[in-house]
Amino acid sequence: MLEIASEGIATGTTSQPKEHPMAHLVSIDDVDMRYGGADGTLAVSGLTMRVGKGDFAAVVGPSGCGKSTLMKLVTGLHIPQVGTVIVAGQHVTQPISIVGMAFQNPTMLPWRTTLENILLPLEIVEKHRHRLRANKKEYIEKAEHLLELVGLKGFGAKFPWQLSGGMQQRANLCRALIHEPELLMLDEPFGALDAFTREELWCVIRDLHAAQGVTIVLVTHDLREAAFLADKIFVMSARPGRILKEHRVPFERPRDLEIMYESRFNDLVHQLHGEIAQARVTA
Amino acid sequence: MTIATENSTATPAIAKQPARINWVKAAPWLFTLGMFLFWEMLVRGLGTPVTILPAPSRIFQAVVQYWSPLLKNSAQTLFTTTLGFGLAVVGGLAIGLFIGWSKTIYAGLYPIMIGFNAIPKVAVVPILVIWFGIGTIPAVITAFLISFFPIVVNVATGLATIEPETEDVLRALGAKKLDIMLKVGIPRSMPYFFGSLKIAITLAFVGSVLSETVASNYGLGNMMASAQSQFNVPLVFAGLLALAVEGIAMYSLMAFIERRMTGWAHRSTMAN
Ligand SMILES: Nc1ncnc2c1ncn2[C@@H]1O[C@H](COP(=O)(O)OP(=O)(O)OP(=O)(O)O)[C@@H](O)[C@H]1O
Ligand SMILES: [Mg+2]
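Residues numbered from 1 in each chain as written. Chains lettered and ligands numbered in written order. Predicted model: local features only at pLDDT ≥ 70, side-chain atom pairs only at ≥ 80, totals over all residues. Heavy atoms only, no water.

- For chain B, an unreviewed UniProt entry supplies the name ABC transporter permease and the organism Aliirhizobium smilacinae.
- Under the Subcellular location (unreviewed entry) heading, UniProt states for chain B: "Cell membrane".
- What UniProt states about chain B under its Sequence similarities (unreviewed entry) heading is, verbatim, "Belongs to the binding-protein-dependent transport system permease family." (UniProt positions renumbered as here; feature names shortened; annotations may be inferred.)

Now the structure itself:
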């Protein structure tokens, strides 16, 4: 398991300068996205970024700079007016189902149990929906395995409103993972959590990434979270958002939570903090 | 059974509990009883003639005296009302889903619906009589016309207020409009739908009785109209009493169905 992970990172690091275009799972080129017609809000402008296959990318930036917009552009929920978004070699012109998405506030459906909520993507995604009825048992096993992974074993039969906020966010994560997406988009998934639960879930995500080789794009306000989890950190400017700087996180994997108390970790966080503060002022 | 086992295991302090009166449970009965008592005393105290306001005792007397026609006409009214209401449920659900389907349809049909709903239904009954003659059919249709509007509005509202984030989660998976409607829109609008049934059933009674009063030879509306022309005021009030009982019964049934079908909506809002 760990060998696969370190291999993935090794190829990522060695092919750093000017990678082959096919190596990128996500390429965004010179994208402008404006909400609400010609004189609406310009959310992002001249946005260019690339995420390699198997990479763990984090996006940080001032509030309202267009991070959620970026997520929606990649998943095809919004189509940009200018520029191109290419995911897995495909020009994105409509929502694509190789992505799993988790939003900041867990959007669980209150009339379904947690397990049924987690199975929801399988009822939608073309690849699975026709197999679901016949292979129900296998899928339920998979969902229960995911629940166990995030520490929710035995909570599948509970309704979302019987879970705490943190538990709902964990279930939300399971739902984003159930259809084995190639690309996992996480928009501040640990926003409303206490520090300890958050660290616990960081480790869950870290291990998932290591074990399954999934590509992850994480939007976050928490710079320590970005530094702990990611291989690459993108710093965005204030609105209209574009990428100001791209950091390569040098820490070796597997990473331990202890790394956060090392000085090189703090130096990186400090540097990121300075850049975002700068971006806010120059807005 | 359960009470017996509870008592046997309970400590003496808890065992006293069943003796205490649950005032909240008893309140509806006590208040109804109080209302009738107050009414009785008022009529007796003021000496109001029976042709203006009969005392409850006189009304109950009329209920006993005319039980057979009361029962027959009540059954007829209940029949026309539930039939009209049933049509309104089917039609209201269908039109509500249709309207909630797209913003354009919503925008286009909403003013028409409002205008339609603003027409006093009593003005429609003569037209129905021209088309269908007097009797059961115009009563059913009037009950339908008056009660389907709240159902339509509630279902459409439930569909139109899907949280964009929930929709995004599904759309990001490649969900079509129909998927979103089936997985989110319809389950989500069910609490609105079942909530509207309580309003709709009481309105359905208004419609059917209205039509029976002006254009029928059957039903409580017709019975009350003819009792009134014979100055049989206690029978008129007995008819009203029968309507009130039917209304409360149907309302409770709808409230019960609502609780059974959409318990999650109550509990999930309570949890927040
Ligand atoms: N649906 C929308 N309609 C109009 N404007 C929008 C819409 N969504 C976002 N915006 C605007 O686009 C800009 C970027 O929004 P976005 O949600 O991408 O920011 P963000 O970086 O995710 O912010 P935060 O960190 O606070 O979540 C904001 O100024 C916002 O006002
Ligand atoms: Mg956001």
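1. Some points on empty space enclosed by the protein
Empty space among the atoms becomes apparent when a probe as large as a water molecule is rolled across them.
No. 1: One pass over the full model with this rule turns up 1 cavity of 30 Å³ or more.
No. 2: One number sums up the size of the largest cavity: a volume of about 70 Å³.
No. 3: Taken together, Val99(A), Gly100(A), Met101(A), Pro121(A), Arg175(A), Ala176(A), His179(A), Val169(B), Ala172(B) and Leu173(B) make up the full set of residues lining the largest cavity.
No. 4: Contributions of two or more residues to the lining of the largest cavity are made by strand 6 (99-102) and helix 6 (165-177) of chain A.
No. 5: The greatest single-element share of the lining of the largest cavity, amounting to 3 residues, is contributed by strand 6 of chain A. (1 Å grid on protein atoms, 1.4 Å probe; cavity = no way out; pocket = protein on both sides within 12 Å on 5 of 7 lines; lining within 4 Å. Points joined across faces, edges and corners; volume = space filled by probe spheres on them. Helix = DSSP H or I, 4+ residues; strand = E, 2+ residues; numbered from the N terminus.)

2. What to know about the sheet that holds strand 10 (residues 243-248) of chain A
Residues and elements named next belong to chain A.
No. 1: As summarised here, the arrangement of the 6 strands in space is 6-7-8-3-9-10, forming an open sheet in which the pairing is mixed. The open sheet terminates on both sides in strands that have one partner only, identified here as strand 6 and strand 10. Adjacent strand axes in the sheet meet at a mean angle of 15 degrees when their direction is disregarded.
No. 2: Sheet topology places strand 6 next to strand 7 (residues 183-187); 4 bridges connect them, and they run parallel. Considered in strand 7, the bridge of Met-101 is made with Met-185.
No. 3: Against the sheet, helix 9 (residues 263-281) touches strand 3 (56-60), strand 9 (232-236) and strand 10, its axis set at about 175 degrees to strand 10. (Pairing = 2+ DSSP bridges. Axes fitted to C-alpha atoms, helices over the stretch in contact; angles between N-to-C directions. Contact = heavy atoms within 4.5 Å.)

3. Looking at the interface of chain B and chain A
No. 1: If you look at the interface, chain B gives 19 residues, while chain A gives 24 residues.
No. 2: Taking both sides of the interface into account, the surface hidden between chain B and chain A amounts to around 2,000 Å²; carbon and sulfur atoms contribute 69%.
No. 3: Linking chain B with chain A are 3 salt bridges.
No. 4: Between Lys183(B) and Glu123(A) there is a salt bridge; the shortest N-O distance is 2.8 Å.
No. 5: Taken together, the connections running from chain B to chain A amount to 3 residue pairs in polar contact (both at pLDDT 80 or more).
No. 6: With 6 residues, helix 9 (residues 164-171) of chain B is the largest single contributor of residues to the side of chain B that touches chain A.
No. 7: Each residue belonging to the side of chain B that touches chain A can be placed in one class, and the counts come to 9 nonpolar, 3 polar and 7 charged. (Buried area = accessible area lost by both parts, 1.4 Å probe. Salt bridge = Lys/Arg side-chain N within 4 Å of Asp/Glu carboxyl O. Polar contact = N/O pair within 3.5 Å; in protein donor to acceptor, adjacent residues only side chain to side chain. Nonpolar A, V, L, I, M, F, W, Y, C, P; charged D, E, K, R; others polar.)

4. Thoughts on helix 9 of chain A
Residue and element names in this part refer to chain A.
No. 1: The terminal C-alpha atoms of helix 9, which comprises 19 residues, lie 27 Å apart, in line with the 27 Å expected from a rise of 1.5 Å per residue.
No. 2: Along helix 9, the positions that sit buried rather than exposed are Phe-265, Leu-268, Val-269, Leu-272, Glu-275, Ile-276 and Ala-279. End-on, the buried residues of helix 9 take up no more than an arc of 125 degrees, which puts them together on one face. Every exposed residue of helix 9 that faces more than 90 degrees away from the buried side is listed here: Ser-263, His-270, Gln-278 and Val-281.
No. 3: If you follow the buried residues of helix 9, they end up packed against strand 3, helix 8 (223-229), strand 9 and strand 10. (Expected span 1.5 Å × (residues − 1). Buried < 20%, exposed > 50% of the residue type's maximum accessible area, 1.4 Å probe, protein only. Arc of directions from axis to C-beta.)

5. A few points about the nonpolar core
No. 1: Leu186(A), Ile205(A), Ile233(A) and Phe265(A) are the most contacted members of the largest nonpolar core, which has 53 residues in total.
No. 2: With sequence-adjacent residues up to four places away left out, Ile205(A) is seen in contact with Phe56(A), Leu173(A), Leu186(A), Phe190(A), Ile216(A) and Leu229(A).
No. 3: Of all hydrophobic cores here, the second largest spans 46 residues; its members include Val124(B), Phe144(B), Ala204(B) and Val233(B). (Core = buried A, V, L, I, M, F, W, Y, C linked by side-chain atoms within 4.5 Å.)

6. Here we look at the packing of aromatic side chains
No. 1: Under the defined criterion, the tally for this structure stands at 11 aromatic pairs over all chains.
No. 2: Aromatic ring contacts, followed pair by pair, group Phe36(B), Trp39(B), Phe60(B) and Phe237(B) into a single cluster. (Phe/Tyr/Trp six-rings, centres within 6.5 Å; stacked < 30°, edge-to-face > 60°.)

7. A short note on the side chain of Asp222(A)
Residues and elements named next belong to chain A.
No. 1: Relative to the elements of secondary structure, Asp-222 occurs in the loop between strand 8 (215-219) and helix 8.
No. 2: For Asp-222, a relative accessible area of 17% puts it in the buried group.
No. 3: Once residues within four sequence positions are removed from consideration, Asp-222 is found in contact with Arg-198 and Trp-202.

8. Overview of the UniProt feature "transmembrane region" (unreviewed entry) in chain B
All names here are of chain B.
No. 1: Per the UniProt annotation, the sites labelled "transmembrane region" (unreviewed entry) are residues 21-39, 78-100, 112-134, 140-162, 191-211 and 231-257.
No. 2: For residues 21-39, the helix share is 89%, the strand share is 0%, and the end-to-end C-alpha distance is 26 Å.
No. 3: Taken end to end, residues 231-257 has its terminal C-alpha atoms 40 Å apart, with 93% of it in helix and 0% in strand.

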